[in-house]
Structure formats: C-alpha cells, structure tokens
Amino acid sequence: MHPMPSDKPWAIVLAGTIPHIPLIENLKARGYRVALVDYLESPPAARLADEHSRVSTLAMDDVLALARARNAELVISACVDRANVTAAYVAERLSLPAPYGFAMAELVANKLRMKEELVRLGIPTAAFRVLGSPAEASHLTMSFPVVAKPIDTGGSKGVRKASKAEELQLAVDEAFKVTRSTQILVEEFLQGEEVSADCMVQDGQPHILVLRKRYVQRGVDGAVLSAYASVSPAAISAAAKQRIHRVTRDIARGFGLRTTPLLVQFMVDGDDARVIEFAPRVGGGLNYRFVLLGTGVDIIDATVNAYLGRPTALADHAGRGYLAANHVYAEAGRFGEVRNHEQLLDEGIIAEFYVHKARGAPIGASMTSADRVASFMVRADSAEELLRRTREAMQRLDVLDVDGRSIVRRDVCLQAL
Ligand SMILES: Nc1ncnc2c1ncn2[C@@H]1O[C@H](COP(=O)(O)OP(=O)(O)O)[C@@H](O)[C@H]1O
Ligand SMILES: [Mg+2]
C-alpha cells in the first residue's frame, strides 16, 4: 500500500524557539504541514513540526531552495530577530504573501540604516556617530555617557555603556568583537526608563496592545544586561504616553508598515520619549504570553493573519489589570531543579511559570537572557498587590544546582514600580 499523498500545503517556519511552538500549532490548525528551519539539533519547537531541516535561518538561499522544493505557500517567522529578513527575501522571490518587502526588512535589521531613517523622518532617537575601526574611538567628539553597540546583533550582545573616556575603548572593542559589519555605532546614553510598546499595525494604523516598563540590571564595566522584569501598565506620564502613540504612528507611516506586528523600544524621561530601536515582529521569549494575558489578543495568530493579509479583531485590547513578567537568575553553575513553583501556581500567587534550563545545563555568570533559569508571570488588580505577589514568589522560589545547593539570585527582583 502506498501512503496517501497529502495535499496539505507546506508552511516553512524559521527558528524553533519556544514562541514558535504556538506558531506551528496555529499553522497546523489552519491546515498546513510545517517544515521547521533551525540549525540546532533539537530546538524546543522541533517536536511539533512535520519535518526539521538543520539549516541556518540566516542562509537565505538555502531556505529559498527548501521553499522551492516543498512548493511552500508560506515562509514565516513571528518572534525571531533577522529571521524575518529571510522570510521577506524568500516571499519576494517566490511571490508568497508577506507583511512587508525584503528592502524594508533589511533596512530595519541594520541599526545604522534604521537610525538614519529615523533621523530623516524627524523621529526622536539618541544622537549617534559611526565608527569604522576601534582606533577611531580616540577621536570621538561626544559627551559622556555613551553606549557603543554593533549594528547587526540583538539581545544586548556587545552593547556597553561608557561613562568616561577611559571606558570608551573597552566598549568600542567589545562591539567590534561581536559584529560582522565594518562599522559600529556610538550613541548618546539616554537617561530614563525603558518602555516597550507591543503593537499590531493594521491598515497602516498601529494599535498599542501593551505598554510595559522594562527593568534592566546593569553589569560590571557598564555592560548592558537584559531585563529582569517587565510590568504593564507602565507607570509613566500621560504626556509621555501621548508621545509614544504619536511616534509609533510616525514609524508606521514613515516606514510604510501596513499590517504587521511591531515592537518599539523607548527611553522615557519625564514627558520625553525617544526611540532606541524598533522591529516589525513580535518580541521573543514570553512576550506573546504577556500580550495574551494582558489583552486577550493572540499576537501569534494576528501575525499569521498579517502574513496572509487578513485583519485580526483587536476590539477589546484595553489592558486588564496589572501584569508582570519576572525572570529568575542564579549564580553560575550547573542547573539542578526549581523548587516551590507548583505551590505558588496552586495558590494563585503566580499565573504562569516556565523553566528554561534542563538538568545539568550550565548557567553562565553573564546574567544575559541566555542565563535565565526560569520566568514567571504575576497578575494583580493593583500595583501594590503585584509587587507583594512578585516578592513573595521570589522569596519562596528556590533554584538548586546539581549538588542541591541553593543558587537563586533573590536580589535580582522588582523592588518598586
Ligand atoms: N542610547 C541608549 N541609551 C541608553 N540605553 C541604551 C541605549 N541604547 C541601548 N541601550 C540599552 O541597551 C539595550 C540593548 O540595546 P538595543 O539597541 O536595544 O540592542 P539589541 O538589538 O541588542 O536589543 C537596550 O534595551 C537598552 O537597555
Ligand atoms: Mg533591543
């Protein structure tokens, strides 16, 4: 007997990260067979896909060849930096549906070109200079503090603050170390608080679903580390909120975004809000859970709709109470287990809990997002209750290493909003 040939169309998903698990489930429910592209041997989403090709999501022509071989009807990435550039490239070559073109995707994936375009459009962002070599650091004419950063990376890789001349060379060297480009950026360090806007743009109109404040830990030598918590609603002034709405509209209009998820990062100082960067995609990690719990909007489903040119109902996206995503860090070592999270879930102190490490996995000392051990979501009706629950969860949670020693970092936790 021959197996019945399936006439289901193929969708290709770029990267098998955790948020792409619901993406694959969504595509299957829509009747697609799913081919996953990820160079890792067993990324978290691989077990859901119908097949898995160990190809890099950045290898645009390899993905194009796969899409041709499968006669794919959709090539998609929802939550992964730069994979959306590959998706846009393949879609354009094969005339597949996509939320935006390759030129736009490429422009925004390059922090220098993005910044130049922001300036041209009159959108407020940090002043910057371009360095073509580490040696140029000594000629820099900017007042301190500044931030050195690569133009082609993500996840705060190689992003470092320099508060005085003596710190600048190290910061610049670190950025050059991790970039594949010949240039890096040095930016004016923006004071204030970091706020992210998770948006859906539909018919050119951005809808801000969630405005959350990101709580960032700064490391040794000014290294800019990733956030340890996100809280919505963001406690900022009404004027700053208004400015964020205006700037988000200007970005959608200026960059010609019609229907797409959009993530915009701001620095808010009093009533002032300036753009650090933006990306026409969903944020990584727990971001999609945050939007779902905070608003009821399934932004993964909305992203698939955006690829297919279909609208999503966003009618009741007004925020529902207070919400925090908290990340649990630990001292460097080998991960053993987490304790007490199930009780906290049962008691309703935390709403959701995620472990990011398998037993025996190394925990580095860098405290970047790769070193997160676990994350948990907390909901509450007031800011005070949100803080109280978060603190209680942090006090009761424990992280043990493989030898049973407690290594949890209880000091890295929300203290005030
Ligand atoms: N000009 C700036 N002023 C202050 N902080 C900044 C500035 N640029 C970046 N940062 C900090 O560094 C982090 C990472 O920088 P970002 O430009 O967002 O790069 P990435 O693509 O790695 O996320 C930001 O989330 C913010 O905390
Ligand atoms: Mg960023």
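The structure contained in this document is the topic of the report that follows. (Residues numbered from 1 in each chain as written. Chains lettered and ligands numbered in written order. Predicted model: local features only at pLDDT ≥ 70, side-chain atom pairs only at ≥ 80, totals over all residues. Heavy atoms only, no water.)

## Observations regarding the sheet that holds strand β4 (residues 74–76)
The strand order across the open sheet built from four strands is β3-β2-β1-β4, with neighbouring strands paired in parallel fashion. With partners counted over all chains shown, the strands left at the sheet margins are β3 (51–53) and β4, one partner each. Ignoring which end each strand starts from, the neighbouring axes of this sheet average 20 degrees apart. The sheet contact formed by strand β1 (residues 10–14) and strand β2 (residues 33–37) spans five bridges and is parallel. (Pairing = 2+ DSSP bridges. Helix = DSSP H or I, 4+ residues; strand = E, 2+ residues; numbered from the N terminus. Axes fitted to C-alpha atoms, helices over the stretch in contact; angles between N-to-C directions.)

## Here's the deal with the site of ligand 1
Ligand 1 sits among 20 residues. The nearest are Lys111, Lys149, Ser156, Leu190 and Glu194. Contact between ligand 1 and Thr153: an oxygen atom at 3.4 Å from a main-chain N or O atom of the residue. For ligand 1, an oxygen atom lies 2.8 Å from a polar atom in the side chain of Glu277. For ligand 1, the protein covers 96% of the area, taking 540 Å² as the surface of the free molecule. Elements with a minimum of two residues in the shell around ligand 1: β6 (146–150), β8 (184–188), β12 (260–269) and β13 (272–279). Classifying every residue of the shell around ligand 1 by side-chain character gives eight nonpolar, five polar and seven charged. Counting contributing residues, the shell around ligand 1 receives three or more from each of domain 2 (127–188) and domain 3 (193–307). (Near = heavy atom within 4 Å. Polar contact = N/O pair within 3.5 Å; in protein donor to acceptor, adjacent residues only side chain to side chain. Areas by Shrake-Rupley, 256 points an atom, 1.4 Å probe, with all protein chains shown as cover. Nonpolar A, V, L, I, M, F, W, Y, C, P; charged D, E, K, R; others polar. Domains from an automatic or database assignment.)

## So, the packing of aromatic side chains
In this structure the tally under the stated criterion is two aromatic pairs. With a centroid separation of 5.2 Å and 65 degrees between ring planes, the pair formed by Tyr89 and Phe102 is classed as edge-to-face. Of this pair, Tyr89 sits in helix α3 (residues 83–94) while Phe102 sits in helix α4 (residues 102–109); the two residues are 13 residues apart in sequence, bridging distant segments of the chain. Both residues of the pair, Tyr89 and Phe102, count as buried. Here Phe255 and Phe278 contribute two aromatic rings whose centre-to-centre distance is 4.8 Å and whose plane-to-plane angle is 70 degrees, an arrangement assigned as edge-to-face. Separated by 23 residues along the polypeptide, Phe255 in the loop between α7 (238–254) and β12 and Phe278 in strand β13 bring together distant segments of the chain. For Arg70, the ring lying beneath its charged end belongs to Trp10, and the centroid distance is 5.7 Å. Over the aromatic face of Phe189 sits the side chain of Lys161, whose NZ or CZ is 4.1 Å from the ring centroid. (Phe/Tyr/Trp six-rings, centres within 6.5 Å; stacked < 30°, edge-to-face > 60°. Buried < 20%, exposed > 50% of the residue type's maximum accessible area, 1.4 Å probe, protein only. Lys NZ or Arg CZ within 6 Å of the ring centre and 35° of its normal.)

## Re the environment of Glu188
Inspection of the secondary structure puts Glu188 in strand β8. Glu188 gets classed as partly exposed once you look at its relative accessible area, which sits at 26%. C-alpha of Glu188 to C-alpha of Arg320: the two residues are 132 residues apart in sequence and 36 Å apart in space. Residues in contact with Glu188, not counting those within four places in the same chain, are Ala126, Ala127, Met142, Pro145, Val146 and Arg274. A polar contact of 3.3 Å, which involves the side chain of Glu188, links it to the side chain of Arg274. (Contact = heavy atoms within 4.5 Å.)

## Re the side chain of Arg212
Considering the arrangement of structural elements, one finds Arg212 in strand β10 (residues 205–218). There is a polar contact of 3.1 Å between the side chain of Arg212 and the side chain of Ser230. Once you skip the residues sitting within four places of it in the chain, Arg212 turns out to touch Glu194, Val195, Ser196, Asp198, Ser230, Val231, Ser232, Ala234, Leu263, Asn287 and Phe290.

## Quick look at the coordination of the magnesium ion (ligand 2)
Surrounding the magnesium ion (ligand 2) are the protein donor atoms Gln265 (OE1) and Glu277 (OE), which sit 1.9 to 2.2 Å from the metal. Residue Gln265 is found in strand β12, and its partner Glu277 is found in strand β13; the two are separated by 12 residues along the sequence. Overall, the relative accessible area of 15% leaves Gln265 in the buried class. What makes Glu277 partly exposed here is its relative accessible area of 24%. (Donors = N, O, S within 2.8 Å, 3.2 Å for Na, K, Ca; no water.)

## So, the pairing of strand β14 (residues 322–328)
Counted residue by residue, β14 has six buried out of seven residues, so it is predominantly covered. Sheet analysis places β14 next to strand β18 (residues 374–380), joined by seven bridges and oriented antiparallel. Across the sheet, residue Val328 finds its bridge partner in β18, namely Ala374.

## Looking at the sheet that holds strand β17 (residues 362–363)
The strand order β17-β15-β19 describes an open sheet built from three strands, whose pairing is antiparallel. Either end of the sheet is taken by a strand with one partner, and the two such strands are β17 and β19 (398–401). The pairing of strand β15 (residues 333–339) with β19 spans four bridges and is classified as antiparallel. Within β19, the position partnered with Val338 by the bridge is Val399.

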